[in-house]
Every structure is written in structure tokens, then in C-alpha cells.
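Coordinates in review
The primary structure of each chain is shown beneath.
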Amino acid sequence: MIITGKIPPSDANWIENSFINTSVPFIWVDNVLGDISTYRPGAMHTIFDKYEDKPSPLFEHINPIFQNIFKKHSLNFDKYLRIRYFHQPDVKVEESYKNDPLHTDLGEENLSLVYYLNEAGGGTAIFAEDIHYNILHKQGNYVIFDGLLPHAGILSQNNTTRSVINVNFVVK
């Protein structure tokens, strides 16, 4: 199951203004993926994590938008596992590092939602059996897929910053 969609422009503008155009506190790392053999700088802000006591203050504002997406696609939402905001600048890297490493999310059953905050090069590559999906990074668009499918972020290489919100959730 691969679901794509677009949120209303008013919600997309609110998210962009709330995340990109403000001072969201970040953890800055030399490699947002934790792979010490590469240099992929970026920033991450955890909005919600099932292991943390309190969600970010941004959670109460972003949750209704995601709930509307779940309802639109008749997804019987149960709970969030994790919501994170990634901000990865365009960094000129070797050809072999233009994509994040192929991975799955969390090692437990979940659905992944990737929401694209801005216009940027790149996107998300998803590998479902013998089919390869390449979802383009366009502001306001999102993709929902099985979090256990191999997938990778495709880094921007056109002088833009890749800004996404990754949501891992469970349905009933």
C-alpha cells in the first residue's frame, strides 16, 4: 500500500511558517543518520516519541492535520510511535551518497507518513516487492507506506534544503 496526497494550502502554509520560518529548536549533527562513514549534516527535532514523557509543544498544532489525513484515507488510527522533523541542507557529496541508506522504520509494524514541508529536490524512494516508487519532494505533498518496506530519502542536490516531517504510527 502506497498512498499519496496533498494537504490543503492553508495547512501547508501554516506548517511552513511554524517550522521553517521560525526558530524550532534542533539537534544538529554531522550525520543525521548516525553513519560515521559519511558526512550528511542535518538537524532533527523530535515532536513525539513513545518513549518520552512529553511531546514537543508543536505536537498539539500538528496532530489535527495528521488526523485529517488519516480520516481522508480511512486509516483507523490507533497511536503514534514517533514524529520527527528533519532539516537537511543541500550538501555537495559524492555520487554514492546522494541518497540516505536504504532502511526500514522501527523494526515493528507501523505505517510511515513522510510530509514535505517545502519545494526541494529529491524525495523518497520506496521499494515494494519488485516495484520501485520515487515520490518527489513537493511542498504540501505526503506519502504513506508500510514502515517495514525498504525506503530511503533522496537528498536535495539543487541548492535547496530537504525539510520533512516523518510520522510513524499504528492503525487498529
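1. Digging into the sheet that holds strand E9 (residues 151-154)
Read from one edge to the other, the open sheet built from three strands follows the order E7-E6-E9, with strand pairing classed as antiparallel. Edge positions in the open sheet fall to strand E7 (131-136) and E9, since each of these has one partner strand only. In this sheet, adjacent strand axes meet at a mean angle of 20° when their direction is disregarded. By the bridge criterion, four bridges tie strand E6 (residues 123-128) to E9 in an arrangement that is antiparallel. What sits directly across from Ala125, in E9, is Ala152.

2. Focus: the nonpolar core
In this structure, Phe66, Tyr80, Leu113, Tyr115, Ile165 and Phe169 are the most contacted members of the largest nonpolar core, which totals 28 residues. For this core, the secondary-structure elements that each account for two or more residues are helix H1 (9-19), strand E3 (42-49), helix H2 (59-72), strand E4 (77-88), strand E5 (111-116), strand E8 (141-146) and strand E10 (162-171). When residues of this core are assigned to their parent elements, the largest contribution, six residues, is made by H2. When near neighbours in sequence (up to four residues on either side) are disregarded, Tyr80 contacts Phe48, Lys50, Phe59, Asn63, Phe66, Gln67, Phe70, Val167, Asn168 and Phe169. In terms of nonpolar packing, the next biggest core, distinct from the first, is built from ten residues, Val114, Ala128, Phe145 and Val164 among them.

3. Some remarks on the packing of aromatic side chains
In total, this model carries nine aromatic pairs according to the counting rule given. Seen from their ring centres, Phe59 and Tyr80 are 5.6 Å apart, and the 85° between their planes marks the pair as edge-to-face. Pair noted here: Phe59 is in helix H2 and Tyr80 is in strand E4, with a separation of 21 residues, a long-range link. Take Phe59: its relative accessible area is 16%, and that puts it in the buried class. Overall, the relative accessible area of 8% leaves Tyr80 in the buried class.

4. Describing H2
Here H2 is 14 residues long and its end C-alpha atoms lie 20 Å apart, about the 20 Å a rise of 1.5 Å per residue gives. Residues of H2 that are buried include every one of Phe59, Ile62, Asn63, Ile65, Phe66, Gln67, Ile69 and Phe70, and no others. Remark: Ser74 follows H2 within two positions and exhibits a positive phi of approximately 55°.

5. So, the environment of Leu111
Within the secondary structure layout, Leu111 lies in strand E5. Between the C-alpha atoms of Leu111 and Leu81, which are 30 residues apart in sequence, the distance is 9.6 Å. If near-sequence neighbours (up to four positions away) are discounted, Leu111 is found in contact with Met1, Leu75, Ile144, Phe145, Asp146, Gly147, Val167, Asn168, Phe169 and Val171.

6. Some words on the side chain of Arg84
Looking at the secondary structure, you find Arg84 in strand E4. Buried charged residue Arg84 carries no salt bridge. Nearest counter-charge: Asp105, at 5.9 Å. Once you skip the residues sitting within four places of it in the chain, Arg84 turns out to touch Met44, His45, Thr46, Ile47, Val164, Ile165 and Asn166.

7. Notes on H1
Burial in H1 covers these residues: Ala12, Ile15, Ser18 and Phe19. Along the long axis of H1, the arc covered by the buried residues comes to 135°, so they all point the same way. In this structure, H1 carries Pro9 and Ser10 as exposed residues pointing more than 90 degrees from its buried face.

8. Considerations on the confidence of the model for the chain
When pLDDT is averaged along the chain, the result is 83; 80% of the residues meet or exceed 70. Mean pLDDT values over the elements of the chain span from 61, in strand E2 (residues 27-29), up to 97, in E8.

Conventions adopted
Residue numbers here run from 1 along each chain, matching the order of that chain's written sequence. Per-residue local features are limited, in this predicted model, to residues with pLDDT of at least 70; the limit for side-chain atom pairs, both in listing and counting, is 80 or more; totals at the level of whole chains, interfaces and linings are taken over all residues. The basis for every side-chain value is the complete set of heavy atoms in the structure, and neither hydrogens nor water enter the calculation. Think of it this way: DSSP has to see at least two bridges between two strands before they count as a pair. Helix and strand assignments follow DSSP, with helices taken as H or I runs no shorter than four residues and strands as E runs no shorter than two, numbered in order from the N terminus. Helix axes use the C-alpha atoms of the stretch in contact, all axes being lines fitted to C-alpha atoms, and the angles between their N-to-C directions lie in the range 0 to 180 degrees. Nonpolar cores were defined as sets of buried Ala, Val, Leu, Ile, Met, Phe, Trp, Tyr and Cys residues, with membership established by side-chain atoms within 4.5 Å. Buried residues are those whose accessible area, probed at 1.4 Å on protein chains only, stays under 20% of the maximum for their type, while exposed residues exceed 50% and partly exposed ones sit between those limits. By definition in these notes, contact holds between two residues if any of their heavy atoms fall within 4.5 Å. The criterion for an aromatic pair is that two Phe, Tyr or Trp rings (for Trp, the six-membered ring) have centres within 6.5 Å, with stacked assigned to planes under 30 degrees apart, edge-to-face to planes over 60 apart and tilted to the rest. Multiply 1.5 Å by the residue count of a helix minus one, and that product is the helix's expected span. Neither His nor the chain ends contribute to the count of charged residues, in which Lys and Arg are positive and Asp and Glu negative. The term salt bridge refers to a side-chain nitrogen of Lys or Arg lying within 4 Å of a carboxyl oxygen of Asp or Glu. As used here, the arc is the angular range of directions from the helix axis to the C-beta atoms. pLDDT measures the predictor's confidence residue by residue and takes values from 0 up to 100.

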